[in-house]
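Observations on the three-dimensional arrangement
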Amino acid sequence: MTWHITEDAAAFRAAAHDHFAADPARNTVLLTLSEGARRRPLPSARYGWWTEPDGRVTGAFLFTLPHEPALGPMPVAAARALVRALPDAAEVTSVRGEAETAEAFAQEAWGGSGAWTTARRMRLYRLGEPTPPDPAPPGRARTAVAEDIPLAVEWMRHFARDIGEDADVDYAPNIEPRVADGRLHLWETDDGPVSMASVSPVVAGQARVSPVFTPAGLRGRGYAGAVTHAVGRAALDAGAEQVLLFTDLANPTSNALYRRLGYRPVTDHVGLTLT
């Protein structure tokens with residue numbers, strides 16, 4: 001049993017293909033991030049897959065400094081062994097993944113209780129029967145165009161700040177391909193855009209909705225639900241077999257909203273941080 005680590009996203013995807021195909025929903029983060037890296041290589045990227053004695057791949061991870069490692073589903077032994085196999089393990093101060101996997105990594109890397117804390121709890125949802133919001137808010141959905149990029153970049157900064165990520169970066173390279181591919185949707189009233197939602201490319205039959213953002217002064221009016229429904233329908237029309245999204249379990253409002261839109265729980269994730 002061993003880890004294989006590479007900086008080549010295409011080699012990673014080829015080696016872990018069967019593993020990802022067996023459960024694309026639980027591997028959604030690795031699939032979408034590695035697909036983006038194949039289009040635009042990520043600096044300092046590490047990709048890895050865990051093989052059993054018979055050669056089967058039963059786990060995978062993705063790590064790009066300065067971001068935290070993203071762990072896919074894997075045996076507990078693999079999560080522990082990754083700490084020793086990862087070249088940059090000494091620089092890791094946070095990790096995310098399904099609870100059992102992330103906690104096994106944290107215990108091996110940082111020690112027992114008290115050495116690390118749970119920074120956030122997330123739930124992965126999958127769209128069942130798409131259900132539009134009722135009552136529907138005023139306005140209409142449309143696909144974002146090039147002229148919308150400056151607004152979307154600014155909203156992305158606010159979204160990053162809301163979820164505790166670095167807002168002082170250039171989000172244009174993140175937004176521009178979403179607009180070019182028709183994957184960023186806006187909800188618009190007579191006063192202009194009021195909410196946005198985007199979806200990842202369809203990879204292994206799955207696509208993931210992220211981000212969903214409404215400016216603070218416009219929240220509570222149903223815009224986020226309307227644009228999320230619209231972008232989910234668009235992903236299905238584009239060929240997605242599964243439409244997924246993550247929610248913060250600390251936000252009961254968004255969790256209730258997505259259930260009303262037809263999303264159903266798949267699994268829970270945690271973000272752990274060295275204390």
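Residues numbered from 1 in each chain as written. Predicted model: local features only at pLDDT ≥ 70, side-chain atom pairs only at ≥ 80, totals over all residues. Heavy atoms only, no water.

Our next topic: the overall build of the protein chain. If you tally the helices and strands in the protein chain, you get nine helices and 12 strands. Judged by the C-alpha coordinates and their principal axes, the protein chain covers about 60 × 40 × 35 Å. The buried share of the protein chain, reckoned over its 275 residues, is 51%. In the protein chain, once contacts between residues fewer than 6 apart in sequence are set aside, the share between residues at least 24 apart is 70%. For the protein chain, the computed accessible surface area is about 12800 Å², with 50% contributed by carbon and sulfur atoms. Distance between charge centres in the protein chain, computed from 27 positive and 33 negative side chains, equals 3 Å. (Helix = DSSP H or I, 4+ residues; strand = E, 2+ residues; numbered from the N terminus. Buried < 20%, exposed > 50% of the residue type's maximum accessible area, 1.4 Å probe, protein only. Contact = heavy atoms within 4.5 Å. Areas by Shrake-Rupley, 256 points an atom, 1.4 Å probe, with all protein chains shown as cover. Lys, Arg positive; Asp, Glu negative; His and termini not counted. Charge placed at Lys NZ, Arg CZ, Asp CG, Glu CD.)

Let's shift gears to helix α6 (residues 149-162). Across its 14 residues, α6 extends 20 Å between first and last C-alpha, which sits within 8% of the 20 Å expected from 1.5 Å per residue. Turning to α6, its buried residues are Ile149, Ala152, Val153, Trp155, Met156, Phe159 and Ala160. The arc enclosing the buried residues of α6, seen along the axis, measures out at 165°, which places them on a common side. For α6, the elements touching its buried residues are α7 (172-180), β8 (184-189), β9 (192-199) and β10 (206-213). At the exit of α6 stands glycine 164, carrying a positive phi of roughly 85°. (Expected span 1.5 Å × (residues − 1). Arc of directions from axis to C-beta.)

In this section: the nonpolar core. The biggest cluster of nonpolar side chains holds 24 residues, and the ones touching the most others in it are Trp3, Phe61, Phe105, Trp110 and Leu272. Elements that contribute at least two residues to this core include exactly β3 (57-64), α4 (76-85), α5 (99-110) and β12 (263-274). If near-sequence neighbours (up to four positions away) are discounted, leucine 272 is found in contact with Thr93, Ser94, Val95, Ala102, Glu103, Ala106, Trp110, Trp116, Thr117, Thr118 and Ala119. By size, the runner-up hydrophobic cluster in this structure holds 21 residues, among which are Leu127, Ala207, Val209 and Ala226. (Core = buried A, V, L, I, M, F, W, Y, C linked by side-chain atoms within 4.5 Å.)

A few words on the side chain of arginine 178. Assignment of secondary structure puts arginine 178 in helix α7. No salt bridge is formed by the buried arginine 178; its nearest oppositely charged neighbour, aspartate 181, is found at 8.9 Å. In this structure, arginine 178 is in contact with Arg183, Leu184, Ser198, Ser210 and Pro211, ignoring residues within four places of it in sequence. (Salt bridge = Lys/Arg side-chain N within 4 Å of Asp/Glu carboxyl O.)

As a further point, take the packing of aromatic side chains. Under the criterion given, the structure shown has eight aromatic pairs. Measuring from ring centre to ring centre gives 5.4 Å for tryptophan 3 and phenylalanine 61, while their planes differ by 80°; the resulting arrangement is edge-to-face. Of this pair, tryptophan 3 sits in strand β1 (residues 2-6) while phenylalanine 61 sits in strand β3, and the two are 58 residues apart along the sequence. Summarising the burial analysis for this pair, tryptophan 3 and phenylalanine 61 share the class buried. Judged by centre distance (6.5 Å) and plane angle (85°), the ring pair of phenylalanine 105 and tryptophan 110 falls under edge-to-face. (Phe/Tyr/Trp six-rings, centres within 6.5 Å; stacked < 30°, edge-to-face > 60°.)

Another aspect to go through is the pairing of strand β11 (residues 242-248). For β11, the buried fraction is high: five of the seven residues fall into the buried class. In the sheet, strand β6 (residues 116-127) pairs with β11 via five bridges, with the strands oriented antiparallel. Bridging across to β11, methionine 122 finds its partner in aspartate 248. Bridge analysis of β10 against β11 gives four bridges, and the strand direction is parallel. Bridge assignment links glutamine 206 to a residue of β11, and that residue is glutamine 242. Viewed along the sheet, the connection from β10 through helix α8 (residues 223-237) into β11 turns out right-handed. (Pairing = 2+ DSSP bridges. Right-handed = clockwise from strand over helix to strand, strands pointing away.)

A few words on the packing of α4 against α5. For the pair α4 and α5, interaxial distance at closest approach is 8 Å and the crossing angle is 40°. Taken as axis vectors, α4 and α5 run oblique relative to one another. Our pair here, α4 against α5, has a crossing hand that is right-handed. For the pair α4 and α5, contact is made by Val76, Ala79, Arg80, Leu82, Val83 and Arg84 and by Glu100, Thr101, Ala104, Phe105, Gln107, Glu108 and Ala109, respectively. Across the contact of α4 with α5, the residue classes tally to seven nonpolar, two polar and four charged. (Axes fitted to C-alpha atoms, helices over the stretch in contact; angles between N-to-C directions. Parallel < 35°, antiparallel > 145°, perpendicular 65-115°, else oblique. Left-handed = near helix turned anticlockwise from the far one by under 90°. Nonpolar A, V, L, I, M, F, W, Y, C, P; charged D, E, K, R; others polar.)

Once that is clear, we can look at the environment of alanine 14. For alanine 14, the position within the fold is in helix α1 (residues 9-15). Overall, the relative accessible area of 58% leaves alanine 14 in the exposed class. Separated by 30 residues in sequence, alanine 14 and serine 44 place their C-alpha atoms 20 Å apart.

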